[in-house]
Amino acid sequence: MAEKVKRVTDIGPPHHDKLMPPICKENYGTWKYHEVLKPGVMVHVGATGDKLYTVRAAGARLVSIYRLRQFADLADKYCDGYLRFTSRHNIEFLLTYDANIDPLIADLAAMGVSVGGIGAAITSIVHTQGWVHCHSAATDASGVVKAVMDVVHPYFNGEKKLPGKLRIALACCLNMCGAVHCSDIAILGIHRKAPRTDHTQVAKICEIPNVVSACPTAAIRPTQVDGTPSVEVIEEQCMYCANCFTVCPSMPLNDPENDGVSIWVGGKVSNARSEPMFSKLAIPYIPNNPPRWPEVTDVILKLVELWAANAKPFERMGEWINRITWPKFFKMAGIEFQKEHIDDFKHAGLTFKRSTQIVH
Ligand code: SF4
Ligand code: SF4
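Residues numbered from 1 in each chain as written. Chains lettered and ligands numbered in written order. Predicted model: local features only at pLDDT ≥ 70, side-chain atom pairs only at ≥ 80, totals over all residues. Heavy atoms only, no water.

## Description of the overall build of the protein chain
Of regular secondary structure, the protein chain possesses ten helices and eleven strands. Projected onto its principal axes, the C-alpha positions of the protein chain cover 75 × 75 × 45 Å. When each of the 360 residues of the protein chain is scored for burial, the buried share is 45%. When the accessible area of the protein chain is evaluated, it comes to approximately 20100 Å², of which 56% is carbon and sulfur surface. Positive and negative side-chain charges in the protein chain, numbering 39 and 36 respectively, have mean positions lying 5 Å apart. (Helix = DSSP H or I, 4+ residues; strand = E, 2+ residues; numbered from the N terminus. Buried < 20%, exposed > 50% of the residue type's maximum accessible area, 1.4 Å probe, protein only. Areas by Shrake-Rupley, 256 points an atom, 1.4 Å probe, with all protein chains shown as cover. Lys, Arg positive; Asp, Glu negative; His and termini not counted. Charge placed at Lys NZ, Arg CZ, Asp CG, Glu CD.)

## Topic: the side chain of Asp140
The topology assignment puts Asp140 in the loop between helix H3 (101-110) and helix H4 (142-156). It is Arg292 that comes nearest to the buried, bridge-free Asp140 among opposite-charge side chains, at 10.0 Å. In this structure the side chain of Asp140 is engaged in a polar contact, spanning 3.1 Å, whose partner is the backbone nitrogen of Trp131. Reaching out from Asp140, the side chain makes a polar contact with the backbone nitrogen of Gly143 at a distance of 3.0 Å. Not counting the four nearest positions on each side in its chain, Asp140 is found in contact with Gly130, Trp131, Val132, Leu170 and Trp293. (Salt bridge = Lys/Arg side-chain N within 4 Å of Asp/Glu carboxyl O. Polar contact = N/O pair within 3.5 Å; in protein donor to acceptor, adjacent residues only side chain to side chain. Contact = heavy atoms within 4.5 Å.)

## Section: the sheet that holds strand S3 (residues 51-57)
Across the sheet, which stays open at both edges, the five strands sit in the order S1-S2-S3-S5-S4 with antiparallel pairing between neighbours. With partners counted over all chains shown, the strands left at the sheet margins are strand S1 (31-38) and strand S4 (83-85), one partner each. With direction set aside, neighbouring strand axes in the sheet form an average angle of 25°. Pairing geometry for S1 and strand S2 (residues 41-46), over six bridges, is antiparallel. Looking at S2, one finds that Tyr33 is bridged to Val45. (Pairing = 2+ DSSP bridges. Axes fitted to C-alpha atoms, helices over the stretch in contact; angles between N-to-C directions.)

## Notes on the site of ligand 1
Surrounding ligand 1, one finds Thr128, Gln129, Cys134, Ser136, Ala137, Cys172, Cys173, Asn175, Met176 and Cys177. For the shell around ligand 1, the residue count by class is six nonpolar, four polar and no charged. (Near = heavy atom within 4 Å. Nonpolar A, V, L, I, M, F, W, Y, C, P; charged D, E, K, R; others polar.)

## Topic: empty space enclosed by the protein
In this structure the tally under the stated criterion is one cavity of 30 Å³ or more. In this structure, the largest cavity occupies an estimated 90 Å³ of space. Here the lining of the largest cavity is built from residues that sort into 13 nonpolar, two polar and no charged. (1 Å grid on protein atoms, 1.4 Å probe; cavity = no way out; pocket = protein on both sides within 12 Å on 5 of 7 lines; lining within 4 Å. Points joined across faces, edges and corners; volume = space filled by probe spheres on them.)

## Considerations on the site of ligand 2
The local shell around ligand 2 holds 14 residues, among which Cys215, Cys238, Cys241, Ala242 and Cys244 are the closest. Comparing atom positions with the cavity grids shows ligand 2 to sit within the largest cavity. A breakdown of the residues in the shell around ligand 2 according to their chemical character gives twelve nonpolar, two polar and no charged. (Sits in = over half its atoms within 2 Å of the grid points.)

## Looking at the state of the cysteines
Considering all chains together, one arrives at one disulfide under this definition. Covalently, Cys206 is tied to Cys248 through a disulfide, its sulfur atoms 2.1 Å apart. An S-S torsion of about 75° defines the bridge between Cys206 and Cys248 as right-handed. Of this pair, Cys206 sits in the loop between helix H5 (202-205) and helix H6 (208-214) while Cys248 sits in the loop between helix H7 (243-247) and strand S10 (260-265); the two residues are 42 residues apart in sequence, bridging distant segments of the chain. Relative accessible area serves as the criterion here: at 0%, Cys248 is assigned to the buried category. Cysteine Cys79 is unpaired, with the sulfur of Cys24 as its nearest cysteine sulfur at 12 Å. Assessed through its relative accessible area of 2%, Cys79 is described here as buried. (Disulfide = S-S within 2.5 Å.)

## Concerning the pattern of salt bridges
Summed over all chains, the structure comprises eleven salt bridges. A salt bridge links Asp102 to Lys38, with the nearest nitrogen and oxygen atoms 2.7 Å apart. On the criterion of sequence distance, the pair formed by Asp102 in helix H3 and Lys38 in strand S1 is long-range, its members being 64 residues apart. The residue Asp150 makes a salt bridge to Lys146 at a minimum N-O spacing of 2.9 Å. Pair noted here: Asp150 and Lys146 are both in helix H4, with a separation of four residues, about one helical turn. Look at Asp150 and you get partly exposed, because its relative accessible area is 35%. The class for Lys146 is partly exposed, based on a relative accessible area of 46%. Where salt bridges share partners, they join Arg56, Arg84 and Glu92 into one cluster.

Any link to function would need more than the numbers given here.
Shown next, in the form of structure tokens:
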């Protein structure tokens, strides 16, 4: 019988078991507890008394190979080669000797890398590709995130205290490759104009049936312009998602005058105390203002400080807002209620508030 050919693939990561530190394998599923020792440093204690120390360093989504090699060298020096990247772009060094913690932090400081973001703190911001790479970005990602992280840094490294965790996310369009739907504060890039269709090019470079079916709100119809097949966009149905531009480069909707960001609040993934929550719209539009986005950084800092001054211990942003009520939150944050806050999407029936009660 012919020997079976073993199928191999280079798609996806290897099984995590292959990369796990030995101490994690030995204590898998049997950790007794963990605690934060100081900003950016925590310990997991196993049933056998084993201790795994984690040092969380600030990372970035875009990291040069030179920087990655520096991190790898530190992992070799202090952690038997073990580190991991968190989903919010932190780098976590996994140590088994507590004597290595402070020398590692000193080496990171010499590289200009902060340690923090564990427990009641702001951690690094998960974000998307922005103007660096993605074709449908309504705002930059790395630029906005750098500007925001610079102003909230004291809440990362423990210089300033917070009542609980605060997670910030950025997605540069509403396809939201970032975790904007489930973060305490979310920055979401938005377009505000329907695509500009170049009717001379659509039939030449786009598959019209694909373009029509790419639209999630059925806003695109086939048409003829001067005898040439093309598409028309029903503007009232367009939600500026850029899906059509993804399949048809003749339908750009990037617009330097009208693109910008919206701010969402109150989302979380955690099951602690309350169910996971979706973020909700707070500020419908702030114009792009590169390179430092001062209007965005001002708003984020204000929201962080408002929550920090008023939340109970461990209370997440959404839990605090639900407790004090959304109308009161809008009042305290100085946010005006606008038409954009009304959820009028045609499938919004499931998300409408169905009770007549409004608690003030
Ligand atoms: S959020 Fe939108 S613009 Fe940003 S990377 Fe994803 S698809 Fe591209
Ligand atoms: S931007 Fe989105 S909603 Fe608007 S026409 Fe294109 S695919 Fe449809």
